[in-house]
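Tertiary structure, described
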Amino acid sequence: MTEYIIETIKVSKSFGGLIAVNEVDLQVPRGFIYSIIGPNGAGKTTLFNCISGFYTPESGNILYYGTPIQGMPTNFISSQGISRTYQNVRLFGNLTAMENVLIGLHNKLNSNLLDAVIHTPRSARENTWSLQEAVRLLEFVGLKGFGDYLANNLPYGLQRRLEIARALANNPRLLLLDEPTAGMNIQETTDLTQFIKRLRDELEISIILIEHDMKVVMDISDRISVLDYGMKIAEGSPSEIQSNSRVIEAYLGPGGAALAEKYQKQRRNSHA
Amino acid sequence: MNKEIIRSSSQKGLLFGIVMIFLVLINFHLMASTMISKLMGTNVLRGSLPEARFFIIFLVLYAIWVGWSAASREGKTIHKLFEGLFAGLIAGLTVALFGLLLFYMLETQTDIRKYLTALSFPSMRFFLLDMGELGILVHFGLFTLLGLLGSALAVGLRSQKVAHFKQGVKTAITNLRLRITNALPESVNKYGKYGIYLLLLVILFLLPTRWGSYYNFVFGMVGLYVILGIGLNIMLGLSGQFMIGIAALFAMGAYSVALLNSPIPHGLMWGFWPSLAVGVVMAVIGGLLLGLPIMRLRGDYLGIVTLGFGEIIRILLNSDLLTDITGGPRGVQNIQQPTFLGTPFNDVMYAYLIIVAMAVSIFLYYRLENSRTGRAWLSIKEDALVAQATGIDVQKYKLLALCVGAAFAGLAGGIFAARNQFTGPNDHTLMVSINVLSVVIVGGLNSIPGIILGSFALRGLPELLRELETYRLLVFGALLVFMMLVRPDGLWPASRPDLEEKGSPGLKEDIEPAEEGRSND
Amino acid sequence: MESNLKSPPKLTRRNYSKIIRPIFGLLVFGSILWRLYEVLIAQQAYSAEIWVRLLISGLIIGGVYALIAIGYTLVYGILFMINFAHGEIMMIGTFAGYFLFEATKSINVAAEGSPPLSFSDAYPLISVILAFLVGMTVAATAGFFLEKIAYRPLRKAPRLVPLISAIGASFFLQNAAQLLFSPQVRDYTNPQAIARGSGWSLIINGSRVVITYTGALTFILSILLMIGLYVMVQKTKLGKAMRAVASDKNTAALMGIDVDAIISRTFIISGALAGAAGVMWGLHNGLVHFFVGFLPGIKAFTAAVLGGIGNIPGAMLGGMFLGLIESLGPTALGISYQLKDVIAFVIMIVILIFRPSGILGEVLSEEKV
């Protein structure tokens, strides 16, 4: 039994010659909020897709509790307690919010075709439980009263929350959040940041976060990895990352570190 | 007058004129006049033509329609009137030119019935209203004047006042309903639903004994299509798999009952009920065999493969290869009837059987749709990749949907074969698959009332309107296109269930959701 | 939502679906190979001239299928819809050609006093060309109006909706033809110069194999039309616009392309090809009736799917392939000729199972998340 909930060992994935993820090593300790940052096209989402089973990496291992899971079907990986959200919200748009969460509960339920048809006491109990659980989840993410809305008709911010509710319904040990604050205003972003913290603190879920909003990242991350052109170029605590010259160059281009230093010096001078 | 008005109204007029010519070329005007004549109490002998005045009534209605539809919804009244007049003029001109041609052909005794079957001399004379060249003028005048009248009617009936009046009536009805609901004790409101079900049951129980075997036959057809529609809906509406070969699964049920219950070719006499069960099982196996290899195909590819599957089954049934097993092109005859208390089923019993089968199917469908399985299917339809990442074994559930849907198709097939006492390859053509598809789509995907309405509209009505017999499929095709243009969600679109209240016992909702966002608006 | 930091999960899973396809494939291919061995090598039941005969008829019918299949593929490539009424467009073309032939037959061009001589007998080449032109024009017009009335208003609707509309249009056209021209089967005109059955003879193994004039005409014309279409799509401005619309309608519209006009033209082109195929069908098979477009339509769609729908060379290849399978398959596998369609459909299903995007279709990488 290892202390890491997920561990990637030299994971690589390429698309027709383009290496999207290149020998990435990550160690995500249990109970951490672990952020992955990097410029657009750095391979962050591809890495998520490898972990959640959409892609099979060409080489390397993905260990979940020390056991390799790469190449397993996504539904199996999900049933083991890894949930995720998507960069562009992907809800079941023509179904209601309640139904979305109920579908998220799929792994937790057992009733089969026969139960559905003859409503055995067991399945009736399960049915009531699942409805209550779904309502509770909606309440938890702040969607109370929106349960019977079609997912498509919800405003964008609420759609994001609904997606998280659906992911939480699976009762995950690990939650992968792909740019959860994209397209949100400042207030919504602050709320969501608090919410993510609550997930970790109250539900003890480990979280891997892809995020572009540096304020969010620096605020809540326990540890950060930086990807650039598919390679991990830095890893460390938020303060370490902030002062890492390679990271700054990845974002600002060659010579960026010197530029940033100059800029900061200027600012300091003007303040003084 | 600006050019746009002239252009659009002349297009409308030309279109209506051409449609009129088309109707004449397929003898539709004769049929319509005959029907009008019957409605007005003058019977038309078989093989003779109705009186010309009934055709004039048809023309009047048609010409008013031209003006009505030519008048645009917005703009000045004078423009609308002009549009009606001009469209009528153009339509009249088109029809009059056609009349002139017919007149010329009559004069020169040109017979082109070899090419256009409808154009016999009596029919031409009838089109000219038995007045010769004068008829041409009558056509022209009618269209022009009545086009104007039609647009005038449109101006009048579409006005604000009428709209207000309609709105008023609607509100009054809603208020009345609310009043009644409030006045009745709560128990009635709560259990009134069941009262309606009971009433429906009594009606369904009484009807088959009252209305004779022909209506029982039509009703049975509608019922079987409801069952088939439910089966297809599980594949298409719930799990989103584009299935066109449902006739093959229908055939499995039908042939199971037929072959296990007839003297030729096998001489097996298993009885109806066990063989019906076998039929359902066979259909499920068919669904499984079809589903296993094709699970990874999506969308239209799935459609074309299932279409191919249906055709393969039909051709095999029709071929010499399987004649010894399935009876070949001649099918299976003299299928033994099920018995009830010792007497074989008659049409009333079959109607009951179909009612029961339909009720069971509807019950099962509702139970399935609102279950873990049903929601898994729906999620696959919405987004298979995400569904899989949410923990749903997509392939398993898709296969399950095919099998469950197939079971319904097999059930319908078994009853169908027994009721007809015959089944052959021609009962299981591509047409059957397409009919079922149309029933489901026209009715409304995932909507049971829609499917019932759809099978009544597409299977029941054409049977009942015998006058239209010749034009049945033509009207059917036009109706399909028209429906898709006007109501693509079907006659009775589905709505999603409200579940939140069920999951929060004792909690009243504290937020009143806005109307337009609700799922069942 | 209780605490989650419990024991690690147990990871075992068996995957049956990965085993099923190879087994299925082995079964099908094994049985096909076994039949081929029996018929071709063990029994040697048929001699060379029979194979040549079948090959020729397969190529001819394949050419017709390919022309119709291109129509399906063009429309599918742009609108992602199955134009179910395409077979009926072909039927309309067949009828148009028929009526033109009948008209040319009834015109007397003989000089005063000499025995009557019809236009079609006097100028066979011109009347055949005219028939093709008229068939193509009428079918193209029908395609244009079909799109305008039944499909254009549904451009934004879910994909099933235009399909049902297409099915409705197909019914309507079929039954309109039946009501207008009566359900009887008519003999297609048989111009003397290229009378059916006459043609060039080849002697193979001492027996005669005829390459009929109508067959040669059908094959050569279909190849020419296909080449013409291919050049048009690849080289002309219209072709470029069509490809642009096919790959992204919105961007194409932003580049100043009139998307509606391009779609209309696509229907016109595919209608014209179907019309030509219809006249060929009539000339070669000698029959015309309201149902004439239905089966070729479905077969050609199968061919388009086989080749990879949306892909023009794929449709040509698929059409030829299907024609050959239909013609050679029953004999090669030693099965009754009744079952030729079964063979065609089975081959299609097998190919789709192993190459879901068709022979020449682009192999899609896993869908992007």
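Residues numbered from 1 in each chain as written. Chains lettered and ligands numbered in written order. Predicted model: local features only at pLDDT ≥ 70, side-chain atom pairs only at ≥ 80, totals over all residues. Heavy atoms only, no water.

Within the largest apolar cluster, 286 residues are counted, with the highest numbers of intra-cluster contacts made by Ile6 of chain A together with Ile234 of chain B. A per-element tally of this core places helix 17 (residues 394–420) of chain B first, with 15 residues. If we ignore the near neighbours within four places in the chain, the residues touching isoleucine 6 of chain A are Leu26, Gln27, Val28, Ile51, Ile62, Leu63, Tyr64, Ile69, Ile82, Leu174 and Ile208 of chain A. Membership of the second largest hydrophobic core comes to 41 residues, among which are Val101, Leu102, Val135 and Leu177 of chain A. (Core = buried A, V, L, I, M, F, W, Y, C linked by side-chain atoms within 4.5 Å. Buried < 20%, exposed > 50% of the residue type's maximum accessible area, 1.4 Å probe, protein only. Helix = DSSP H or I, 4+ residues; strand = E, 2+ residues; numbered from the N terminus. Contact = heavy atoms within 4.5 Å.)

Centre distance and the angle of the planes are the two values used to describe a pair of aromatic rings. All told, the structure shown has 35 aromatic pairs over all chains when counted by the stated rule. With a centroid separation of 4.9 Å and an interplanar angle of 75°, the aromatic rings of tyrosine 64 of chain A and tyrosine 65 of chain A are classed as edge-to-face. By relative accessible area, tyrosine 64 of chain A is classed as buried at 1%. Measuring from ring centre to ring centre gives 5.6 Å for tyrosine 115 of chain B and phenylalanine 99 of chain C, while their planes differ by 80°; the resulting arrangement is edge-to-face. Taken together, the residues span two chains, with tyrosine 115 of chain B in the loop between helix 4 (77–108) and helix 5 (121–127) and phenylalanine 99 of chain C in helix 3 (residues 86–106). Here the aromatic residues Phe16, Phe55, Phe58, Tyr62, Trp65, Phe98, Phe126, Phe127 and Phe143 of chain B are joined through ring pairs into a cluster of three or more. The cationic tip of arginine 90 of chain A hangs over the ring face of tyrosine 86 of chain A; the distance from NZ or CZ to the ring centre is 5.9 Å. The side chain of arginine 198 of chain A reaches across the aromatic face of phenylalanine 140 of chain A, ending 4.7 Å from its centre. (Phe/Tyr/Trp six-rings, centres within 6.5 Å; stacked < 30°, edge-to-face > 60°. Lys NZ or Arg CZ within 6 Å of the ring centre and 35° of its normal.)

Note: interface size is frequently given as the accessible area lost on complex formation between the parts. Residue and element names in this part refer to chain A. Structurally, chain A comprises domain 1 (1–81 + 172–244) and domain 2 (90–171). Distance between the C-alpha centres of domain 1 and domain 2: 25 Å. Domain 1 puts 22 residues into the contact, and the matching count from domain 2 is twelve residues. Contact between domain 1 and domain 2 buries roughly 1300 Å² in total, counting both sides, with carbon and sulfur atoms accounting for 65%. Of all residues in domain 1, Pro172, Met184 and Phe195 bury the most surface against domain 2, accounting for 34% of the area lost on that side. Joining domain 1 to domain 2, the criterion identifies zero salt bridges. Counting every contact that joins domain 1 to domain 2 gives five residue pairs in polar contact (both at pLDDT 80 or more). In terms of residue count, helix 7 (residues 186–203) provides more of the side of domain 1 that touches domain 2 than any other element does, eight residues in total. In the side of domain 1 that touches domain 2, the residues fall into eleven nonpolar, four polar and seven charged. (Domains from an automatic or database assignment. Buried area = accessible area lost by both parts, 1.4 Å probe. Salt bridge = Lys/Arg side-chain N within 4 Å of Asp/Glu carboxyl O. Polar contact = N/O pair within 3.5 Å; in protein donor to acceptor, adjacent residues only side chain to side chain. Nonpolar A, V, L, I, M, F, W, Y, C, P; charged D, E, K, R; others polar.)

On to the confidence of the model for chain B. Residues and elements named next belong to chain B. Taken as a whole, chain B shows an average pLDDT of 82; of its residues, 94% reach a score of 70 or greater. Long-range and interchain partners of residues 507–521, a stretch whose pLDDT sits below 50, account for 29 contacts in this model, where long-range means more than four residues apart. Predicted complex, confidence summary: ipTM 0.88, pTM 0.82. (pLDDT = per-residue confidence, 0-100.)

At the interface, 41 residues of chain A touch 44 residues of chain B. Summed over both partners, the interface of chain A with chain B buries about 3900 Å², with 59% contributed by carbon and sulfur atoms. On the chain A side of the contact with chain B, His106, Leu113 and Asp148 of chain A bury the most area, a combined 17% of that side's loss. Put simply, chain A and chain B have one salt bridge between them. The salt bridge partner of arginine 90 of chain A is aspartate 383 of chain B, with a shortest N-O separation of 2.9 Å. Our enumeration of links across chain A and chain B arrives at eleven residue pairs in polar contact (both at pLDDT 80 or more). Elements supplying a minimum of two residues to the side of chain A that touches chain B: helix 2 (74–79), helix 3 (97–104), helix 4 (113–118) and helix 5 (121–140) of chain A. Broken down by element, the side of chain A that touches chain B gets its largest block of residues, five residues, from helix 3 of chain A. Grouping the constituent residues of the side of chain A that touches chain B by class yields 19 nonpolar, 17 polar and five charged.

Let us now look at the environment of lysine 340 of chain C. Residues and elements named next belong to chain C. Within the fold, lysine 340 resides in helix 13 (residues 340–354). As for lysine 340 and glycine 58, which are separated by 282 residues in sequence, their C-alpha atoms are 12 Å apart. The residues touching lysine 340, leaving out its near neighbours within four places in the chain, are Lys299, Glu326 and Pro330.

Attention now moves to the side chain of arginine 166 of chain A. With respect to the helices and strands, arginine 166 of chain A occurs in helix 6 (residues 156–169). Excluding its chain neighbours within four sequence positions, the residues that come into contact with arginine 166 of chain A are Tyr86, Arg90, Leu91, Phe92, Asn100 and Gly104 of chain A together with Val386 and Thr390 of chain B.

Residue and element names in this part refer to chain A. Within the open sheet, the six strands sit side by side as 6-7-8-3-9-10. Their pairing is mixed. Each edge of the sheet is formed by a strand with only one pairing partner; in this case those strands are strand 6 (82–84) and strand 10 (231–236). Geometrically, the sheet is characterised by an average inter-axis angle of 20° between neighbouring strands, direction not taken into account. Across the sheet, helix 10 (residues 245–252) is in contact with strand 3 (33–37), strand 9 (223–228) and strand 10; its angle to strand 10 comes to roughly 130°. (Pairing = 2+ DSSP bridges. Axes fitted to C-alpha atoms, helices over the stretch in contact; angles between N-to-C directions.)

This part is about the sheet that holds strand 2 (residues 18–29) of chain A. Residues and elements named next belong to chain A. With antiparallel pairing, the four strands of this open sheet are ordered in space as 2-1-4-5. At either margin of the open sheet sits one strand with a lone partner, and together these are strand 2 and strand 5 (67–68). Alignment of strand 1 (residues 4–15) against strand 4 (residues 59–64), held across five bridges, turns out to be antiparallel. For serine 12, the partnering residue across the bridge sits in strand 4 and is serine 59.

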